[in-house]
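Observations on chain architecture
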Amino acid sequence: MMQARGTKPQTIALFSGSLLFQIIQVGTYPILISQFLSRGSVSNFAIGIFVSVAWIVVFAAGPFVPRLLASVGTGRANTIAFGFTLISLLLLVLSSAPGIILVSSVAMGLGLIIRWIVCDTLVVHVSEPNIRGRMIGLHEALMGLGIGLGPLLFVGWQLETVTWICIGIAIAGQLAFLNTVSGPGVEEEATDAKPQAQQRFLIQVILTALVAAFFAGFIENSAIALLPLYFENVQFSLNTSAILVSSFGFGGTLLQPGLGYIADRWSYYLAQMICIASIILSCVAIFLFTDLMVVSLIALFFLGGAAGGLNTLAVIEAGRSQSARQIPAAMTAIAMLYTLGGIAGPVASGATLDLFQNQGMMLLFTASGVVLAVFLFLYRYRISLRRGSGRR
């Protein structure tokens, strides 16, 4: 039996807390550890591996989090997420040695995945069925805003100061969550479906959404963590690099409604192809005009919008193509593919930065867009052939 829907103050508290944790866990932390590691002359490839550690933990721990919610409830689970996040940041205060950063990354990954599932569960819980889609869309936009705001913490502040600011933001986020809905009804809704039993079926039904989610995670997490190093290599200061990366995050927030409208009005395929074209053109612009900040700023805005759009479109496509009982399994599958992209992206991007110098990341992102475009075209061509043969 579900509880009553959340009140307006509870919904605001939930969205505020989720945004504050997104600023730390996704918008700031990857840049923070990459900057600490670059101080010690660690290679870009190794930095990429360190950035991927948190996402490896997310992928490994994800299947166990629903059990945690069922055992302790969303309120206590979120307190556990806060605890892991706080431990991760306090470790960085103590030392920036690679071993400490490794342990910190594991703790941050645990905090991230628990917070992720708790927030997604609560967003569904506080939303009336007739506005649930809009509420989920608003929450996704706020996650993009968190990615945009996080890098701005590095403008004018030393890394140690940024770490302490993150600790303060985490405490504020936890205080916001204390006013959020929790209770047994939430866990019943979250664990009612059996996602593991449906995964094979879902892969066939939402294959394009899953592949798009992978590339979204691949590009977004690489860009957030390693673009500051990319732009520092072309003599931009950390302050300027942080502003450029924040443009990437704001694009991921502001361009989502337009892409959603295109998907509703015409088709998901058209919206996806617009995202792919934006990725390729943005990377070409940065490749050719890296030293022009205005061009890079605009190009990163559209690159962030396109990468975030791929994930948003995947969520919408999966949500509308599945029955209510299958939606939890679909969202879990998309989250896992996004996470796999988040693991592979920073490692591959770090390697290309070392192998091909500064333009390696742009070449990699361009190639990713081309591969995704070819896949979508061939997949649709195969579907059209099946439909044609079925009519004969």
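These remarks concern the structure in this document. Because the structure is predicted, anything quoted here is derived from the model rather than measured.

1. A short note on the packing of aromatic side chains
One pass over the structure, following the stated rule, counts eleven aromatic pairs. Geometrically, the ring pair formed by Trp55 and Tyr338 is edge-to-face, given 5.9 Å between the ring centres and 65° between the ring planes. Separated by 283 residues along the polypeptide, Trp55 in helix H2 (residues 44–61) and Tyr338 in helix H14 (residues 327–355) bring together distant segments of the chain. Here Phe375 and Tyr379 contribute two aromatic rings whose centre-to-centre distance is 6.0 Å and whose plane-to-plane angle is 25°, an arrangement assigned as stacked. With Phe375 and Tyr379 both in helix H15 (residues 360–391) and four residues apart, the pair spans about one turn of that helix. By way of ring pairs, the aromatic residues Trp55, Trp116 and Tyr338 are connected into one cluster. Over the ring of Trp266 we find Arg265, and its NZ or CZ is 5.2 Å from the ring centre. Across from the ring centre of Tyr269, 3.9 Å away, lies the NZ or CZ of Arg380, which sits over that ring.

2. Structural notes on the environment of Ser105
Mapping Ser105 onto the fold places it in helix H4 (residues 98–126). Sequence separation of Ser105 and Ala54 is 51 residues, and the distance between their C-alpha atoms is 5.0 Å.

3. Details of helix H6 (residues 159–177)
The terminal C-alpha atoms of H6 lie 27 Å apart, and with 19 residues this matches the ideal 27 Å at 1.5 Å per residue to within 8%. Buried within H6 are the following residues: Leu159, Val162, Thr163, Cys166, Ile167, Ile169, Ala170, Gly173, Gln174, Ala176 and Phe177.

4. A closer look at helix H10 (residues 238–254)
Taking 1.5 Å of rise per residue, the 17 residues of H10 would be expected to cover 24 Å, and the 24 Å separating its terminal C-alpha atoms lies within 8% of that figure. Counting buried positions along H10 gives twelve out of 17 residues, so the element sits mostly inside the fold. Those residues of H10 lying buried are Thr240, Ser241, Ala242, Leu244, Val245, Ser246, Ser247, Phe248, Gly249, Gly251, Gly252 and Thr253.

5. Some details on the pattern of salt bridges
Counted under the stated rule, the structure contains one salt bridge. Among the salt bridges present, the one from Arg39 reaches Glu160, with a minimum N-O distance of 2.9 Å. Placement of Arg39 in helix H1 (residues 8–39) and of Glu160 in helix H6 is noted, with a sequence separation of 121 residues between them. Note on Arg39: relative accessible area 47%, which makes it partly exposed.

What counts and what doesn't
- Residues numbered from 1 in each chain as written.
- Predicted model: local features only at pLDDT ≥ 70, side-chain atom pairs only at ≥ 80, totals over all residues.
- Heavy atoms only, no water.
- Phe/Tyr/Trp six-rings, centres within 6.5 Å; stacked < 30°, edge-to-face > 60°.
- Helix = DSSP H or I, 4+ residues; strand = E, 2+ residues; numbered from the N terminus.
- Lys NZ or Arg CZ within 6 Å of the ring centre and 35° of its normal.
- Expected span 1.5 Å × (residues − 1).
- Buried < 20%, exposed > 50% of the residue type's maximum accessible area, 1.4 Å probe, protein only.
- Salt bridge = Lys/Arg side-chain N within 4 Å of Asp/Glu carboxyl O.

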